[in-house]
Amino acid sequence: KRAEAECNILFDCGKTFRAAYFNVLAKLGISVISALLLTHEHADAAAGLDDLRDLIPIENSGTSLEVYRAMTPCPTYMTYFTLRTLQRTVGYILRYSRFLNGVPNKTVEKDKFDPTTDLTFGKVPTSAEEYDAVIASTPLLGTTDRRVTSLDIIIIPEAVQKFYVKGLKFPMYSFPVYHGGDYICTAYAFGSGLKRKSDAPTDVQRAAAERASKESQTAHFLQRTNRSVLFLSDVSKIGPDSLNFIKSLEPVDLLVVDFLLGPKESHFSHWCFDDVVAFTQVIQPRAVLGVGMWCTIEHESMNRLLAEKLAELKTINPSLRTDYMGLAYDGLTLKIE
């Protein structure tokens, strides 16, 4: 929301973002996006960047109404591959953006600047101190006569990467998954309770565990708080490094996962019913939410089928931790910390 105390993280900004904003986000009173996390460069993930300009604080910095300055460019996390596509499709946005972990490797004229060739990208900030130091050393944006989206871009590698988002009290992780063939899509893991099995708990994680222990263990999925989340919006396969990372985590509260088609169906670039069921048995999240369904899936009947499947799995394995499997829907509100 507008208040600085709120932290509004947006995953992807696709071609239907404008409609999604008015249908969902505006009703929640959200008028500023604190950070944008891009999963990949397809239109359904990145073609709405133009409309993000209305959620970035911009000041009129001159006597003319057509002189603008972005007060706080939107922190945006993406891979270099995604950046290359954005340079071709929305280069005018990149020309009025900053590259927080990019170091110039040569001197070029401003109107000929190409971040994909003229910058070398380095360390990703993993703490508030590192992030603030980068911001302090990055020149402010100048003025422009065009009211365009402006971003503070951080390039993340196609590997498991811990990173910091300003306003969050816990770190986030990105990791690569495949989205058809060898095409890479970025997945994310986050939450105050997210913990590697080998790590000693932090104060934030201890507090999250204490709150979880006080919460009714019988609470319905929609009433309880999710303190560790995996977000896999587009996935056809998970490589060994990313799978090892996922398995290194304590079991998560919520898996948000690609779910294109129903039972006994498959797809080149997306997981379907059977893939999600198999993965659920491996990592045992407490709850599973399918996203990105094709129009042949009827919501209520699929939810019933998932409930039946979960009951069957629990009969086979009574110790299965998962207690909810269902489909997400537009406007669904969950408790996440």
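Bear in mind that the values here come from a model prediction, so they are computed numbers and not experimental data.

### Observations concerning the overall build of the protein
The number of helices and strands found in the protein is 10 helices and 18 strands. The C-alpha atoms of the protein give 21 Å as radius of gyration, which agrees with the globular expectation for 337 residues (20 Å, within 12%). Principal-axis analysis of the C-alpha atoms gives the protein an extent of 70 × 45 × 40 Å. When burial is assessed residue by residue, the protein has 48% of its 337 residues classed as buried. Once local pairs closer than 6 in sequence are excluded, the contacts in the protein between residues at least 24 apart make up 71%. Roughly 16,900 Å² of accessible area belongs to the protein as shown, and the carbon and sulfur atoms make up 53% of that amount. Distance from the positive charge centre (37 side chains) to the negative charge centre (40 side chains) of the protein: 3 Å.

### Examining the sheet that holds strand β10 (residues 161-163)
Taken in spatial order, the 7 strands line up as β10-β11-β12-β14-β15-β16-β17 in an open sheet, and their pairing is mixed. Strands at the two margins of the open sheet, each flanked by one partner only, are β10 and β17 (324-327). When the angles between neighbouring strand axes are averaged without regard to direction, this sheet yields 20 degrees. Here strand β11 (residues 172-178) pairs with strand β12 (residues 184-190) via 6 bridges, running antiparallel. In the sheet register, Y173 faces β12, and the bridge partner there is A189. The strands that helix α9 (residues 273-283) touches are β14 (229-232), β15 (254-258), β16 (287-291) and β17; relative to β15, the one it contacts most, it runs at about 155 degrees.

### Things to note about the packing of α9 against helix α10 (residues 299-316)
Two elements in contact, α9 and α10, have axes whose closest approach is 12 Å; the angle formed by their N-to-C orientations is 35 degrees. Considering only the axes of α9 and α10, their crossing is right-handed. Here F273, V277 and Q281 of α9 come into contact with α10, specifically with M302, L305, L306, K309 and L313.

### Topic: the pattern of salt bridges
If you walk through the whole model with that rule in mind, you get 11 salt bridges. For the salt bridge of D152 with R98, the shortest nitrogen-to-oxygen distance reads 2.7 Å. Of this pair, D152 sits in strand β9 (residues 151-155) while R98 sits in strand β6 (residues 98-99), and the two are 54 residues apart along the sequence. For D152, a relative accessible area of 3% gives the class buried. A salt bridge links R206 to D203, with the shortest nitrogen-to-oxygen separation between them at 2.9 Å. Linking R206 with D203, this pair stays in helix α7 (residues 203-214), spanning 3 residues, or about one helical turn. Look at R206 and you get partly exposed, because its relative accessible area is 45%. One salt-bridge network, in which partners are shared between bridges, spans R224, R286 and D323.

### Let's talk about the side chain of N8
You can see N8 is positioned in the segment before β1 (9-11). Its relative accessible area of 11% is what places N8 among the buried residues.

### Some remarks on the environment of V103
Within the secondary structure, V103 is located in strand β7 (residues 102-104). Remark: the alpha-carbon pair of V103 and T120, spanning 17 residues in sequence, is separated by 5.1 Å. With residues near it in sequence (within four places) discarded, V103 still touches D118, L119 and T120.

### Looking at α9
Inspection of α9 places F273, V276, V277, F279, T280 and I283 among the buried residues, and these make up the whole buried set. Along the axis of α9, the buried positions cluster into a sector of 165 degrees, meaning they face one direction only. A positive phi of about 50 degrees marks Q284, the residue just after α9.

### Focus on the sheet that holds strand β5 (residues 74-78)
Across the sheet, 5 strands lie side by side as β1-β2-β5-β9-β6; this open sheet has parallel pairing. Strands with a single pairing partner mark the edges of an open sheet, and in this sheet they are β1 and β6. In terms of strand pairing, β5 meets β9 through 5 bridges, oriented parallel. From the neighbouring strand, C74 faces β9, where its bridge partner is L151.

### Here we look at unusual backbone geometry
Located in the positive-phi region is D12, a residue other than glycine, with phi close to 70 degrees. Along the chain, D12 falls in the loop between β1 and α1 (17-25). Looking at D12, the relative accessible area reads 12%, which means it is buried. Even without glycine at this site, Q284 takes up a positive phi of about 50 degrees.

### With respect to the packing of aromatic side chains
Under the definition given, this model contains 16 aromatic pairs. On the numbers, 4.6 Å between centres and 35 degrees between planes, the contact of F11 with F231 is tilted. With F11 in strand β1 and F231 in strand β14, this pair connects stretches of sequence that are 220 residues apart. What makes F231 buried here is its relative accessible area of 15%. Ring geometry for F175 versus F245: centroids 5.3 Å apart, planes at 50 degrees, classification tilted. One end of the pair, F175, is in strand β11; the other, F245, is in helix α8 (residues 240-248), and 70 residues separate them in sequence. The exposure class of F245 is buried, given its relative accessible area of 3%.

Conventions adopted
Residues numbered from 1 in each chain as written. Predicted model: local features only at pLDDT ≥ 70, side-chain atom pairs only at ≥ 80, totals over all residues. Heavy atoms only, no water. Helix = DSSP H or I, 4+ residues; strand = E, 2+ residues; numbered from the N terminus. Rg over C-alpha atoms; globule rule 2.2 N^0.38 Å. Buried < 20%, exposed > 50% of the residue type's maximum accessible area, 1.4 Å probe, protein only. Contact = heavy atoms within 4.5 Å. Areas by Shrake-Rupley, 256 points an atom, 1.4 Å probe, with all protein chains shown as cover. Lys, Arg positive; Asp, Glu negative; His and termini not counted. Charge placed at Lys NZ, Arg CZ, Asp CG, Glu CD. Pairing = 2+ DSSP bridges. Axes fitted to C-alpha atoms, helices over the stretch in contact; angles between N-to-C directions. Left-handed = near helix turned anticlockwise from the far one by under 90°. Salt bridge = Lys/Arg side-chain N within 4 Å of Asp/Glu carboxyl O. Arc of directions from axis to C-beta. Phe/Tyr/Trp six-rings, centres within 6.5 Å; stacked < 30°, edge-to-face > 60°.

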